[in-house]
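In case you want the letters, here they are:
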Amino acid sequence: MQQHYRPTYHFMPERNWMNDPNGTIFYEGHYHLFYQYNPYGDQWGTIHWGHARSADLVHWEHLPIALYPSNELGEVHCFSGCAVYDGAEPRIFYTSIGDGERNAATGAEQWTATSADGLLTWTKHPDNPVLTSDLHGGLDIREWRDPFVWRQGQEWLMVTGGAYEGKGCVTIYKSADLLRWTFLNFLHIDPEVALCECPLVYRQDDRYALIYSPGGIVKYLTGTMSADYRLVPDAQGIVDHAGWDGYYAPNLLIDDRNRCILFGWMPDAARGEFQDAAGWSGVQALPREMAITASGKLAMRPVPELRELRGRHSGQDELVREGGQRIAGAQSKAVELIAEFDLAGAAAPFGIGVLRSEDGREQTRIVVDPAAGGITIDRSESSLSPLPHKTPIAGGFEAENGRLKLHIFVDRTTVEVFANETACLSARVYPMLEQDAGVSLFGEAGRGALIGFDSWELNGVQFKQAAQ
Ligand code: FRU
């Protein structure tokens, strides 16, 4: 395994496979992140819950594995879920996947566990499962999984993902004591997709955001909830345009400052047959602060705590002209960029190249098409190797007062782009260059449209190891 492919300031386990963030919760001064984890290899399998915590969303401490499949109870995987705290004891809910025999009898089940030692170890409830598909009466809900629970007034509400009559569905339940649950309704059915995974609900005043992962690009709806527990959407959008090649299965928490923080999994699927970065798989995206805007869009920005990583700064004055483009001062594979553009005079596409080798043969381009309101991460030249995925990640953006602000984070094999905070695009790329990489501005960006530019080389973070 070659270390120069390993991200330097994003959270990931030391080795092996990681997928969805699970059970994200702010508890007694720490942000806790659990995650789908295979301790035995860098491929998906034997799914446990890994665990880490952080006081500042930047420096993470690895903690011992939190959940093991209880083979003696016929359980083979602990799938995704959530954590809640009712003031008495912290509790997690997750989907228990059984062996062939148990599955044939009952299918997926929702289980719960509590912790008496500050979230380190978990005791599974003796009466698991707490929810079985019997709750649905005659409704045949398939792929039923990924519980997400929140408190609303006097009651607890839970959503789970699944498939119903070939369409993606999100079901909703309520409980007074977190143990006995009643099925209420389909919160949402999406006829455009076959399955909804990892549903999340965020409530801001009287508005709701429902986020779900339908096997590709993560979607959201915002609106109100009817008296019979159906979402009545008045806006919709895409959480991140990457899908499998950069962002999937987010989870969220509300912290002590009442901020909603969104976590997400950046899969390594895009590396395809490219084996140089083997030994691990999966990175957690940078935590994002999320809110519902007046127009019902989700606004997302990287948490301000990340400024702590900033090292050497270089600004607009330090851009050096070279041919048809300008080269920025930052020379690193771990950089943060903030670039602002005035779109009035910009007609032709322009953009920023990152992870650029000195000879320019490798680079990942973030291309803005001002006329079409489009933004793309162009990976066609991201790697000299033909093996990693090279399809573009494309989305749209909305100009704000005729301007576009791009906030970009690069960490060796990750690229995260925030465009005016309402469009996000992430990507995984696998540049072969071993030396430091450059940043360039091309097209109008190298000329008139650019009205602000800052770049920082970012310092890596050494994550604290779990005490054994
Ligand atoms: C999403 C997902 C979840 C499931 C978990 C299994 O990536 O498929 O629906 O709980 O991963 O690891």
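Cut-offs and rules
Residues numbered from 1 in each chain as written. Predicted model: local features only at pLDDT ≥ 70, side-chain atom pairs only at ≥ 80, totals over all residues. UniProt positions renumbered as here; feature names shortened; annotations may be inferred. Helix = DSSP H or I, 4+ residues; strand = E, 2+ residues; numbered from the N terminus. Rg over C-alpha atoms; globule rule 2.2 N^0.38 Å. Buried ≥ 20, exposed ≤ 12 C-beta atoms within 10 Å, placed from the backbone. Near = placed C-beta within 6 Å. Nonpolar A, V, L, I, M, F, W, Y, C, P; charged D, E, K, R; others polar. Pairing = 2+ DSSP bridges. Axes fitted to C-alpha atoms, helices over the stretch in contact; angles between N-to-C directions. Domains from an automatic or database assignment. Contact = placed C-beta atoms within 7 Å. Core = buried A, V, L, I, M, F, W, Y, C linked by C-beta atoms within 7 Å. pLDDT = per-residue confidence, 0-100.

You'll find the protein chain entered in an unreviewed UniProt entry as beta-fructofuranosidase, with Paenibacillus lycopersici given as the organism. Under the Sequence similarities (unreviewed entry) heading, UniProt states for the protein chain: "Belongs to the glycosyl hydrolase 32 family."

Colleague: In this structure, what is going on with the overall build of the protein chain? I would like to understand it.
Modeller: For the protein chain, the count of helices and strands is one helix and 35 strands. At 22 Å, the protein chain has a C-alpha radius of gyration in line with the 23 Å of a compact globule built from 468 residues. On the principal axes, the C-alpha backbone points of the protein chain span a range of 70 × 50 × 40 Å. The 468 residues of the protein chain split such that 48% are buried.

Colleague: Explain the site of the ligand here, please?
Modeller: Close to the ligand lie 13 residues; Gln-36, Phe-79, Ser-80, Glu-197 and Ala-249 are nearest. Counting residues per element, the ones that place at least two in the shell around the ligand are strand 1 (16–27), strand 5 (75–85), strand 9 (141–152), strand 13 (197–204) and strand 17 (248–254). Tallied by class, the residues present in the shell around the ligand amount to five nonpolar, four polar and four charged.

Colleague: Looking at this structure, I do not really get the sheet that holds strand 16 (residues 231–240). What am I missing?
Modeller: Pairing between the strands of a sheet comes from backbone hydrogen bonds, and it takes one of two forms, parallel or antiparallel. If you trace the four strands from one edge of the open sheet to the other, you get 13-14-15-16, paired in antiparallel fashion. Both edges of this open sheet fall to strand 13 and strand 16, since each of them pairs with a single strand only. For this sheet, the mean angle separating the axes of adjacent strands, direction not counted, is 20°. In this sheet, strand 16 lies alongside strand 15 (residues 218–225) in antiparallel orientation, the contact comprising eight bridges. Each bridged residue has a counterpart across the sheet, and for Leu-221 the counterpart in strand 16 is Gln-236.

Colleague: What am I meant to see in the domain arrangement of the protein chain here?
Modeller: Frequently, the measure chosen for interface size is the accessible area that the parts lose on association. Partitioning the protein chain into structural domains gives domain 1 (3–302) and domain 2 (306–458). A C-alpha centroid distance of 31 Å is found between domain 1 and domain 2. Taken together, the contact pairs 32 residues of domain 1 with 29 residues of domain 2. For the side of domain 1 that touches domain 2, the elements supplying multiple residues, two or more each, are strand 16 and strand 22 (298–302). Element by element, the count of residues in the side of domain 1 that touches domain 2 is highest for strand 22, at four residues. Grouping the amino acids of the side of domain 1 that touches domain 2 by side-chain chemistry returns 18 nonpolar, six polar and eight charged.

Colleague: Hey, could you run me through the UniProt feature "domain: Glycosyl hydrolase family 32 N-terminal" (unreviewed entry) in the protein chain in this one?
Modeller: Taking the UniProt record as the reference, the feature "domain: Glycosyl hydrolase family 32 N-terminal" (unreviewed entry) is found at residues 10–302. From the first C-alpha to the last, residues 10–302 spans 12 Å; its make-up is 2% helix and 56% strand.

Colleague: I would appreciate a short explanation of the sheet that holds strand 7 (residues 109–114) in the present structure.
Modeller: One open sheet holds the four strands; their spatial order is 5-6-7-8, and the pairing between them is antiparallel. Either end of the sheet is taken by a strand with one partner, and the two such strands are strand 5 and strand 8 (123–124). In this sheet, strand 8 lies alongside strand 7 in antiparallel orientation, the contact comprising two bridges. Counted as the bridge partner of Ala-113 is Lys-124 from strand 8.

Colleague: Quick question: what am I supposed to make of the nonpolar core here?
Modeller: Side chains that are nonpolar tend, in soluble globular proteins, to be buried together. One finds Leu-210, Val-335, Ile-352, Ile-408, Val-417 and Leu-425 to be the most contacted residues of the largest nonpolar core, which totals 129 residues. Each of domain 1 (3–302) and domain 2 (306–458) accounts for three or more of the residues forming this core. In contact with Leu-425, other than residues within four places in its own chain, are Asp-240, His-241, Ala-242, Ile-375, Ile-377, Ile-393, Gly-395 and Val-417.

Colleague: What is the right way to read the pairing of strand 33 (residues 423–428) from this model?
Modeller: In terms of burial, strand 33 is largely enclosed, as six of its six residues are buried. Residue alternation in strand 33 divides its side chains into two sets, Ala-423, Leu-425 and Ala-427 and Cys-424, Ser-426 and Arg-428, and both sets are buried. Across six bridges, the pairing between strand 32 (residues 414–419) and strand 33 is antiparallel. From the neighbouring strand, Val-417 faces strand 33, where its bridge partner is Leu-425. Adjacent in sequence and paired antiparallel, strand 32 and strand 33 are bridged by three residues, among which Asn-420 carries a positive phi angle near 50°.

Colleague: Any chance you could explain the environment of Phe-11 here in plain terms?
Modeller: Positionally, Phe-11 belongs in the segment before strand 1. Residue Phe-11 is classed as buried on the basis of its C-beta count, with 24 C-beta atoms lying within 10 Å. Each C-alpha atom, one on Phe-11 and one on Ala-285, is 7.7 Å from the other, the two residues being 274 residues apart in sequence. Not counting residues within four places of it along the chain, the set of residues in contact with Phe-11 comprises Leu-33, Ala-52, Trp-60 and Gln-284.

Colleague: Would you mind showing me how to read the confidence of the model for the protein chain here?
Modeller: Predicted coordinates in regions of low pLDDT should not be interpreted in detail. Of all residues in the protein chain, 99% have pLDDT values of 70 or greater, and the mean over the chain is 94. Confidence estimates for the predicted assembly give a pTM of 0.97 and an ipTM of 0.99.

Colleague: Hey, could you run me through unusual backbone geometry in this one?
Modeller: Glycine aside, negative phi is the norm for most residues, and most peptide bonds take the trans geometry. Across the junction of Asn-128 and Pro-129, the peptide omega takes the value 0°, indicating a cis bond. By the secondary structure assignment, Pro-129 is in the loop between strand 8 and strand 9. Non-glycine residue Leu-57 carries a positive phi angle of around 70°. Structurally, Leu-57 is set in the loop between strand 3 (48–54) and strand 4 (60–67).

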